[in-house]
Amino acid sequence: MTGWEMEKLEQHKEKDVLILGIETSCDETAASVVKNGRKVLSNVIFTQIALHTRYGGVVPEIASRKHIEKINQVIEEALVQADVTLGDITAIAVTYGPGLVGALLVGVAEAKAISFAAGIPLVGVHHISGHISANYIEHEELEPPFVCLVASGGHSHLVVVKDYGEYEIIGRTRDDAAGEAFDKVARAIGLGYPGGPKIDKLSREGNPEAITFPRARVAESEYDFSFSGVKSAGLNYLNACRMKGEHFSQADVAASFQKAVIDVLVEHSLHAVKAYGYDKFAIAGGVASNASLREAFERECGKRRIMFYRPSPLLCTDNAAMIGTAGYYEYIRGVRSGYDLNAVPNLKL
């Protein structure tokens, strides 16, 4: 952080900064009030999981319509729980990408309307920056620089957090994201949607060494991920068993597949931490709520004397508290968005 930014931060510390965060990038309609970047006064989330379960995944059009229906209620509830009014809000932070374009547009339009009507500054926030920033909420001692793994249904990124809002992506998936692979294999096993939590739960009953699934490595990039191979291996195993009429253990498949994914995430992540010379590592995103993944990182970071940070499971999934936190650090850096702010479904970090 530059001297000017430190000075601005000290100025803002003299007066509480309240950020109204809004998140609608996928199938959660969320609003939150965050005080001074680290204290969550409210965090209201309306999830559409039950609605989309019958379709086996998120239906973008349905998600957008439900956001329109719920957005005002969620924001009003967030203000009530925080015991504040719009007149107390310093700035509005909203996710503008990446995500489903229709879903993003609902949140962006709402944030711009409130900003214009109430005369409150508007700050556009990158969704992945929000996930990374979730770690600041429960770990007040955590400050950049550090390495962070962002793993979710749409992202598998290995990021060097150089400063607040300043990132370098050093690894990413070449095909499927980790969460996407979990969902597809879970559906094939017969667990349904959402797949990640169900595989995590069922794997506790299985043998992770029962089936050998591949651990892919990208030859020209030591930090990149590839999960299409292990996903295909899982699907092929299940199809072969069914075609031959052979019995298979759902728990063993779940445990073995999960271990293959976790092994790669842990290996690449901690290799990057060592190579870049840091002693702090964090995880974020929906897959970061996986209990076995958290245990694996806890164990391996302990062996290497690396400080390990992770948000609580609620803050790993999409929420507005993380957007409010990310928005706070953008706000004190002087970032302001105009009313031409638009949804960017493929926004780069």
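Residues numbered from 1 in each chain as written. Predicted model: local features only at pLDDT ≥ 70, side-chain atom pairs only at ≥ 80, totals over all residues. Heavy atoms only, no water.

Enquirer: Where do I start with the sheet that holds strand β9 (residues 280-284) in this structure?
Expert: The strands making up a sheet associate through backbone hydrogen bonding, with each pair oriented either parallel or antiparallel. Taking strand neighbours across the sheet as the criterion, the five strands line up as β8-β7-β6-β9-β10 in an open arrangement whose pairing is mixed. In this open sheet, the two strands that pair with only one neighbour each are β8 (166-172) and β10 (307-309). Looking at each pair of strands side by side, their axes are set apart by 25° on average, direction ignored. (Pairing = 2+ DSSP bridges. Helix = DSSP H or I, 4+ residues; strand = E, 2+ residues; numbered from the N terminus. Axes fitted to C-alpha atoms, helices over the stretch in contact; angles between N-to-C directions.)

Enquirer: Can you help me understand the pairing of strand β5 (residues 122-126) in this one?
Expert: Two faces belong to every sheet, and in a regular strand the side chains alternate between them. Along β5, five of the five residues are buried, which leaves the element largely enclosed by surrounding structure. Every second residue of β5 is oriented toward a common face, with Leu122, Gly124 and His126 on one face and Val123 and Val125 on the other, all of them buried. As judged from the five bridges shared by strand β4 (residues 91-97) and β5, these two strands associate in the parallel manner. Bridging from a neighbouring strand, glycine 97 pairs with histidine 126 of β5. After leaving β4, the chain enters helix α4 (residues 101-118) and then returns to the sheet as β5, a path that is right-handed. (Buried < 20%, exposed > 50% of the residue type's maximum accessible area, 1.4 Å probe, protein only. Right-handed = clockwise from strand over helix to strand, strands pointing away.)

Enquirer: What exactly am I supposed to notice about the sheet that holds strand β3 (residues 39-47) here?
Expert: Taken in spatial order, the five strands make up an open sheet running β3-β2-β1-β4-β5, and their pairing is mixed. Sheet topology places β3 and β5 at the edges, where each strand pairs with a single neighbour. Strand after strand, the sheet turns through a mean of 20° between neighbouring axes, direction not considered. In terms of strand pairing, strand β1 (residues 18-23) meets β4 through four bridges, oriented parallel. The residue bridging isoleucine 19 from the neighbouring strand is alanine 91, located in β4. Strands in contact with helix α3 (residues 60-82) are β1, β2 (28-35) and β3; relative to β2, the strand with the most contacts, it is inclined by about 25°. Contacting β1, β4 and β5, α4 crosses the sheet at an angle of about 155° to β4. (Contact = heavy atoms within 4.5 Å.)

Enquirer: How should I be thinking about the confidence of the model for the protein in this particular structure?
Expert: A low pLDDT score tells you not to read the predicted coordinates there in detail. Scored by pLDDT, the protein comes out at a mean of 93, with 96% of its residues at no less than 70. Counted against residues more than four places away or in other chains, residues 1-5, with its pLDDT under 50, gives six contacts. (pLDDT = per-residue confidence, 0-100.)

Enquirer: Mind showing me how you'd approach the packing of aromatic side chains here?
Expert: How two aromatic rings sit relative to each other is given by the distance of their centres and the angle of their planes. Following the criterion strictly, the structure yields 13 aromatic pairs and no others. Residues tyrosine 223 and tyrosine 276 carry aromatic rings whose centres are separated by 6.2 Å and whose planes lie at 55° to one another, so their mutual orientation is tilted. Here tyrosine 276 lies in helix α9 (residues 250-276) and tyrosine 223 lies in the loop between α7 (195-203) and α8 (228-244), a separation of 53 residues in the sequence. On the basis of an interplanar angle of 40° and a centroid distance of 4.8 Å, the ring pair of phenylalanine 281 and phenylalanine 297 is categorised as tilted. Residue phenylalanine 281 is located in strand β9, and its partner phenylalanine 297 is located in helix α10 (residues 291-304); the two are separated by 16 residues in the primary sequence. For lysine 70, the ring lying beneath its charged end belongs to phenylalanine 46, and the centroid distance is 4.8 Å. (Phe/Tyr/Trp six-rings, centres within 6.5 Å; stacked < 30°, edge-to-face > 60°. Lys NZ or Arg CZ within 6 Å of the ring centre and 35° of its normal.)

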